[in-house]
Amino acid sequence: MRDPENATVLVERPADFDEFWAAGLADCSSYPLDPLLTEMPALSTSRVIVYDVSYVSFGGLRVSGWYAVPRGGAAPYPGLVTIPGYISEPTIPKEWAELGYAALAVAPRGKLRSNAVFNPGYPGLLTNNIVDHNTYGYRGFYLDVVRAVDLLVERPEVDRERIGLAGSSQGGGLGISTAALRPDVIKAVACGAPYLCGIMTAPTLTRSYPYEEINEYLRLHPKDVNRVRETVAYYDGLNFAPAVKAPTMIYLGLQDDVCPPETGFALHRVLTCPKVLHTYEHCAHHAGLPGVMRVVEDFLADHLKPVI
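The structure reproduced in this document is the subject of the present report. Bear in mind that the values here come from a model prediction, so they are computed numbers and not experimental data. (Residues numbered from 1 in each chain as written. Predicted model: local features only at pLDDT ≥ 70, side-chain atom pairs only at ≥ 80, totals over all residues. Heavy atoms only, no water.)

### Section: the overall build of the protein
Helix and strand counts for the protein stand at nine helices and nine strands. What you see for the protein is a C-alpha radius of gyration of 18 Å, in line with the 19 Å of a compact globule of 308 residues. Dimensions of the protein along its principal axes, counting C-alpha atoms only, are 55 × 40 × 35 Å. Here the protein, with 308 residues, has 58% of them falling under the buried criterion. Look at the contacts in the protein between residues 6 or more apart in sequence, and 73% of them connect residues 24 or more apart. In the form shown here, the protein has an accessible surface area of approximately 12600 Å², with 54% of it arising from carbon and sulfur atoms. (Helix = DSSP H or I, 4+ residues; strand = E, 2+ residues; numbered from the N terminus. Rg over C-alpha atoms; globule rule 2.2 N^0.38 Å. Buried < 20%, exposed > 50% of the residue type's maximum accessible area, 1.4 Å probe, protein only. Contact = heavy atoms within 4.5 Å. Areas by Shrake-Rupley, 256 points an atom, 1.4 Å probe, with all protein chains shown as cover.)

### Structural notes on helix α8 (residues 261-270)
One turn of the α-helix equals 3.6 residues, which is why residues spaced by three or four share an orientation. For α8, the tally of buried residues reaches eight of ten residues, placing the bulk of the element in the interior. Here α8 has its buried residues at Pro-261, Glu-262, Thr-263, Gly-264, Phe-265, Ala-266, Leu-267 and His-268. If you follow the buried residues of α8, they end up packed against α4 (170-181), β7 (186-192), α7 (237-240), β8 (248-253) and β9 (275-280).

### Here we look at the environment of Cys-259
Mapped onto the elements, Cys-259 comes out in the loop between β8 and α8. Overall, the relative accessible area of 3% leaves Cys-259 in the buried class. Separated by 64 residues in the primary sequence, Cys-259 and Tyr-195 have C-alpha atoms spaced 5.7 Å apart. If we skip the residues at most four places from it in the chain, Cys-259 touches Ser-169, Ala-193, Pro-194, Tyr-195, Tyr-211 and His-285.

### Some thoughts on unusual backbone geometry
The step from Tyr-122 to Pro-123 runs through a cis peptide bond, and the omega angle for that step is 5°. Tracing the backbone through its elements, the reader meets Pro-123 in the loop between β5 (102-107) and α3 (138-154). Note the cis peptide between Leu-289 and Pro-290, where omega equals 0°. You can see Pro-290 is positioned in the loop between β9 and α9 (292-304). Unlike most non-glycine residues, Asp-34 shows phi in positive territory, near 45°. Look at Asp-34 and you get partly exposed, because its relative accessible area is 40%. In this structure, Ala-193 is a non-glycine residue whose phi angle is positive, near 40°.

### Side note on the environment of Ile-163
As for its position among the elements, Ile-163 is in strand β6 (residues 158-168). Exposure remark for Ile-163: the relative accessible area of 0% places this residue in the buried category. When sequence neighbours within four positions are dropped, the list of residues in contact with Ile-163 reads Gly-79, Leu-152, Val-153, Val-158, Val-185, Ile-186, Lys-187, Ala-188 and Leu-304.

### A closer look at the sheet that holds β6
Strand order across the open sheet formed by nine strands is β1-β2-β3-β5-β4-β6-β7-β8-β9, with mixed pairing between neighbours. Where the open sheet ends on each side, the last strands, each with one partner, are β1 (36-39) and β9. Along the sheet, successive strands turn relative to each other by an average axial angle of 20°, direction set aside. Two strands pair when backbone bridges link them, and β1 and strand β2 (residues 48-56) are joined in this way by four bridges, in the antiparallel orientation. Its bridge partner lying in β2, Leu-37 is registered against Val-53. Where α4 meets the sheet, its contacts fall on β4 (77-83), β6, β7 and β8, and the angle it forms with β6 comes to roughly 145°. (Pairing = 2+ DSSP bridges. Axes fitted to C-alpha atoms, helices over the stretch in contact; angles between N-to-C directions.)

### A closer look at the packing of helix α1 (residues 17-29) against α3
The packing of two helices is summarised by the inter-axis angle and the distance between the axes. Two elements in contact, α1 and α3, have axes separated by 11 Å at closest approach and are oriented at 60°. Between α1 and α3, the angle is such that the two are oblique. Along this stretch, α1 crosses α3, giving a crossing that reads as right-handed. Note on element contacts: α3 touches α1 through Arg-139, Tyr-142, Leu-143, Val-146 and Arg-147, opposite Phe-20, Trp-21, Ala-23, Gly-24, Leu-25, Cys-28 and Ser-29. (Parallel < 35°, antiparallel > 145°, perpendicular 65-115°, else oblique. Left-handed = near helix turned anticlockwise from the far one by under 90°.)

### Section: the packing of aromatic side chains
Summed over the entire model, instances satisfying the criterion amount to 18 aromatic pairs. When the centroid spacing of 5.6 Å and the interplanar angle of 80° are considered together, the rings of Trp-96 and Tyr-101 count as edge-to-face. Grouping aromatic residues by their ring pairs yields a cluster made of Phe-17, Phe-20, Trp-21, Tyr-136, Tyr-138, Phe-141, Tyr-142, Tyr-234, Tyr-235 and Phe-240. (Phe/Tyr/Trp six-rings, centres within 6.5 Å; stacked < 30°, edge-to-face > 60°.)

### Some thoughts on the pattern of salt bridges
Should the charged atoms of two oppositely charged side chains come close, the side chains can pair. Per the stated rule, a full pass over the model turns up eleven salt bridges. Between Arg-182 and Asp-150 there is a salt bridge, with its nearest N and O atoms 2.9 Å apart. Here the residue Arg-182 occupies a position in the loop between α4 and β7, and Asp-150 occupies one in helix α3, the gap between them amounting to 32 residues. Asp-150 carries the same exposure label as Arg-182, and that label is buried. Note that Glu-212 is salt-bridged to Arg-219, the shortest N-O span being 2.8 Å. According to the relative accessible area criterion, Glu-212 is buried, its value standing at 8%. (Salt bridge = Lys/Arg side-chain N within 4 Å of Asp/Glu carboxyl O.)

Right under this line is the structure:
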């Protein structure tokens, strides 16, 4: 019988983990961020101004997103980066702007307009170049979210002392990696049903996608198992977690068959920052939605202090 709360989830941390990610950040910094914002009147409302946004990220690739700010409010606003799930495109974050945030819904490479340049597909991203951690498809994807934070830091209407991250599934996992890579900036993280944590353990606990991509790959390429294990260790949220400083909220569905709850509990254990865990007994991958969103809103408001 499974015991998710106490299950052992082990990930070896590469000796050059910090140096690897420092090199990725340095590559990003070698390119001007060059943000482009275009106001979208047809998408805006009497309370929110919406912008189409793009910026330059890892490898010089331009990625996109949606940016929404309160109309006529008292700037500076707290900033919030919302991070999409594996398959989903980012939604325009009007609801967050209505709550008083300058909210940027990031579209990492492969989503929105950048998919004309990088498009491994879904399924496909999780195993894209998975036998080489330097060229693994997720490398730029992770850094695209970090660069979204950099964009908010530069915006004059954003209070750089009040910037947070929110997302579930892939969005939750990338919230952890981003908070670890920008610990001086991120002040709060709301992380639901975290994906990309315990990456090699999860496929032994579920046959659902996206993790089933790894099972499928290894059925075809069984000799690559050690190379796959070495690659994903550089991307595993459990290896990022100790560097997270911001208060972090994790919420899990205990019947989750996509991101096994064992991996969410493991993430909570290795976090050393202020942290809170919410579990939902009869919930699957939705991890308590829709009711949990009020808990998320309250958590972020406690730490980021929006003014409506």
